[in-house]
Amino acid sequence: MKTKPLRETTTRTMYYGKGDVFVYRTYAKPLKGIKQIPESAFFGRKNTILGMDIRIALKGEAFLPSFTTGDNSLVIATDSMKNFILYHAGEYEGATMEGFLEYVSKEFFKQYAHVQGVVISGRQLPFIEVDVPAEDGGFKPSATVFRQRQLEYPVALLEMARTEDDDYEIVEQSSGIEGLHLVKVRGSSFHGYIKDEFTTLPEAFDRPLFIYLTIRWRYKNGKDARGKYPVNYVCAEQVVHIAQTVFAEENSPSIQHLVYTIGKRILDRFPQLTEVMFESNNRTWETVLDEIPSSLEGKVFTDPQPPYGFQVFSMTPEDLGTGEG
Ligand SMILES: O=c1[nH]c(=O)c2[nH]c(=O)[nH]c2[nH]1
């Protein structure tokens, strides 16, 4: 029998690009007209600062000689990619990071005929208006001063490919929120799991539950991620508000069931989505003092030691109408 040539059916992995392209675009188009949901008072984004940390990778057979023979004649310097992204941030007329990723990808295809694929992702850098004293004695959001939010941030990923008729198509698109840390001090449990010779964990009927969450979602129509039709756009802020509302409402028997219940609510509120994906991390505090003299309810906790448990779960609209919660 003849041995198969290497990579007869698969193509090699080859791409290159630039990461950590920090873009701060001021006075981008405000995002208005999103769908209102009961879990959230969020109405949109003013986009006084649209901050993004972008990673771009280019694909194309034309880049092969740069690897194999050192021929750079078709290499777009990654430094130029950075300049390209920054320049187009000034040209962008839309209101979302997803829209910007798509816009930049298309411009890359237009500018460089030998680029066959673009994989571009972004982490949004949220800036929150600070409150300043108002003339009436209250407080009002400052028009010019912002505080950078350090924790959770919206993310987006887009892969586009040049098609045979020299148009472009979306190969993959997802949006999400990363780094959401939520704690509920009481009203969660975890019991009923397998007890055997490896079990040391005591059952918990009212535990403080601390979770780190990543939530990602995909649209039925990837173009809805652009935000051109805001009523079809899913704001990461609203997804966060759903997650925290469900956490507050649920007496959860496990993180597994909690993420399932959050997922059902997200899919119910946003029928334009085809998939919701979770990665959760259990950071439940360890109890140091179960009772303290000065308080009827107070306890003292400390951070858990590694290793940490995690759950990964994806859901589709088919999950609506099944299970509980
Ligand atoms: O919500 C939880 N799910 C688990 O699967 C698990 N396992 C564990 O030790 N603690 C927890 N908590």
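These numbers come from a predicted model, not from an experiment.

Each value, and the rule that gives it
- Residues numbered from 1 in each chain as written.
- Predicted model: local features only at pLDDT ≥ 70, side-chain atom pairs only at ≥ 80, totals over all residues.
- Heavy atoms only, no water.
- Helix = DSSP H or I, 4+ residues; strand = E, 2+ residues; numbered from the N terminus.
- Buried < 20%, exposed > 50% of the residue type's maximum accessible area, 1.4 Å probe, protein only.
- Contact = heavy atoms within 4.5 Å.
- UniProt positions renumbered as here; feature names shortened; annotations may be inferred.
- Near = heavy atom within 4 Å.
- Polar contact = N/O pair within 3.5 Å; in protein donor to acceptor, adjacent residues only side chain to side chain.
- Areas by Shrake-Rupley, 256 points an atom, 1.4 Å probe, with all protein chains shown as cover.
- Nonpolar A, V, L, I, M, F, W, Y, C, P; charged D, E, K, R; others polar.
- Salt bridge = Lys/Arg side-chain N within 4 Å of Asp/Glu carboxyl O.
- Domains from an automatic or database assignment.
- Buried area = accessible area lost by both parts, 1.4 Å probe.
- Axes fitted to C-alpha atoms, helices over the stretch in contact; angles between N-to-C directions.
- Parallel < 35°, antiparallel > 145°, perpendicular 65-115°, else oblique.
- Left-handed = near helix turned anticlockwise from the far one by under 90°.
- Core = buried A, V, L, I, M, F, W, Y, C linked by side-chain atoms within 4.5 Å.

Student: Help me understand the overall build of the chain, please; the structure alone is not making it clear to me.
Tutor: The number of helices and strands found in the chain is 5 helices and 12 strands. Oriented by its inertia axes, the alpha-carbon framework of the chain measures out at about 80 × 75 × 40 Å. Every one of the 325 residues in the chain was classed for burial, and the buried ones make up 44%. Considering only residue pairs separated by 6 or more positions, the chain has 69% of its internal contacts joining residues 24 or more positions apart.

Student: Even after reading the chapter, I still don't get the UniProt feature "binding site: 5-hydroxyisourate" (unreviewed entry) in the chain, so can you show me in this structure?
Tutor: Those residues carrying the UniProt feature "binding site: 5-hydroxyisourate" (unreviewed entry) are T78, D79, F190, R207, Q256 and N282 in this numbering. An extended arrangement is adopted by the annotated residues: their sequence extent is 205 residues, and the largest C-alpha distance between any two is 51.2 Å. With respect to the element layout, F190 can be found in the loop between strand 7 (168-184) and strand 8 (209-219). The exposure class of F190 is partly exposed, given its relative accessible area of 25%. Setting aside residues up to four positions removed in sequence, F190 forms contacts with L201, E203, A204, R207, P253 and S254. Topologically, Q256 is positioned in helix 5 (residues 255-269).

Student: I'm lost on the site of the ligand in this one. Help?
Tutor: All residues in the neighbourhood of the ligand are listed as F190, L201, R207, S254, I255, Q256, N282 and Q311. Backbone polar atom of I255 to an oxygen atom of the ligand: 2.7 Å apart, as the coordinates give it. One of the side-chain N or O atoms of N282 is found 3.5 Å from a nitrogen atom in the ligand. Alone, the ligand offers 290 Å² of accessible surface; in the complex the protein occludes 70% of this. Per-class residue counts for the shell around the ligand are 3 nonpolar, 4 polar and 1 charged.

Student: Is there a simple way to think about the pattern of salt bridges in this case?
Tutor: Side chains bearing opposite charge may pair, as long as their charged atoms lie close to each other. Tallied over the full model, the rule gives 23 salt bridges. For R123, the salt bridge identified is with D53, shortest N-O distance 3.2 Å. Of this pair, R123 sits in strand 3 (residues 117-124) while D53 sits in strand 2 (residues 49-59), placing them 70 residues apart in sequence. With its nearest N and O atoms 3.3 Å apart, the salt bridge here joins E102 to K106. Within this pair, E102 and its partner K106 are both found in helix 3 (residues 97-111), separated by 4 residues, close to a single helical turn. Classification of K106 as partly exposed rests on a relative accessible area of 26%.

Student: Got a minute to help me understand the domain arrangement of the chain in this structure?
Tutor: As a measure of interface size, the accessible area lost when the parts come together is often cited. Segmentation of the chain into domains returns domain 1 (16-173) and domain 2 (176-319). Averaged C-alpha coordinates put domain 1 and domain 2 at centres separated by 28 Å. In this complex, domain 1 contributes 26 residues to the contact, which on the side of domain 2 involves 29 residues. Per-residue buried area on domain 1 facing domain 2 is highest for K35, E39 and Q173; these three make up 25% of the total on that side. The interface formed by domain 1 and domain 2 holds 5 salt bridges in total. The closest approach of N and O atoms between E102 and R226, which form a salt bridge, is 3.1 Å. Applying the counting criterion to the domain 1 and domain 2 interface returns 14 residue pairs in polar contact (both at pLDDT 80 or more). Counting residues per element, the ones that place at least two in the side of domain 1 that touches domain 2 are helix 3, strand 6 (153-162) and strand 7.

Student: I keep staring at the packing of helix 4 (residues 236-249) against helix 5 and nothing clicks. Help me out?
Tutor: Packed helix pairs are characterised by how far apart their axes lie and by the angle those axes make with each other. The contact between helix 4 and helix 5 brings their axes to 9 Å, and the two run at 130°. Judged on the interaxial angle alone, helix 5 and helix 4 are oblique. The element helix 4 and its partner helix 5 pack so that their crossing is right-handed. From helix 4, V239, I242, A243, T245, V246, F247 and E249 reach across to helix 5, where they touch L258, T261, I262, R265, I266 and R269.

Student: Would you mind going over the nonpolar core with me for this structure?
Tutor: Nonpolar side chains in soluble globular proteins tend to end up buried together. Formed by 37 residues in total, the largest nonpolar core has its most connected members in I215, W217, I266, L273 and F278. Apart from residues no more than four positions distant in its own chain, I215 is found in contact with S175, G176, I177, V239, A243, I266, V276, M277 and F278. Listed in part, the 30 residues of the second largest apolar core include V21, A28, F63 and F100.

Student: So what exactly am I meant to see when it comes to unusual backbone geometry here?
Tutor: Peptide bonds are, in most cases, trans, and in most cases residues other than glycine have a negative phi. That bond from P306 to P307 is cis: its omega, 0°, falls within 30 degrees of zero. Relative to the helices and strands, P307 is located in the loop between strand 11 (300-302) and strand 12 (310-315). Even without glycine at this site, Y27 takes up a positive phi of about 50°. We note that N47 has phi near 60°; this positive angle belongs to a residue other than glycine. Within the fold, N47 resides in the loop between strand 1 (16-26) and strand 2. When its relative accessible area of 6% is taken as the criterion, N47 is described as buried.

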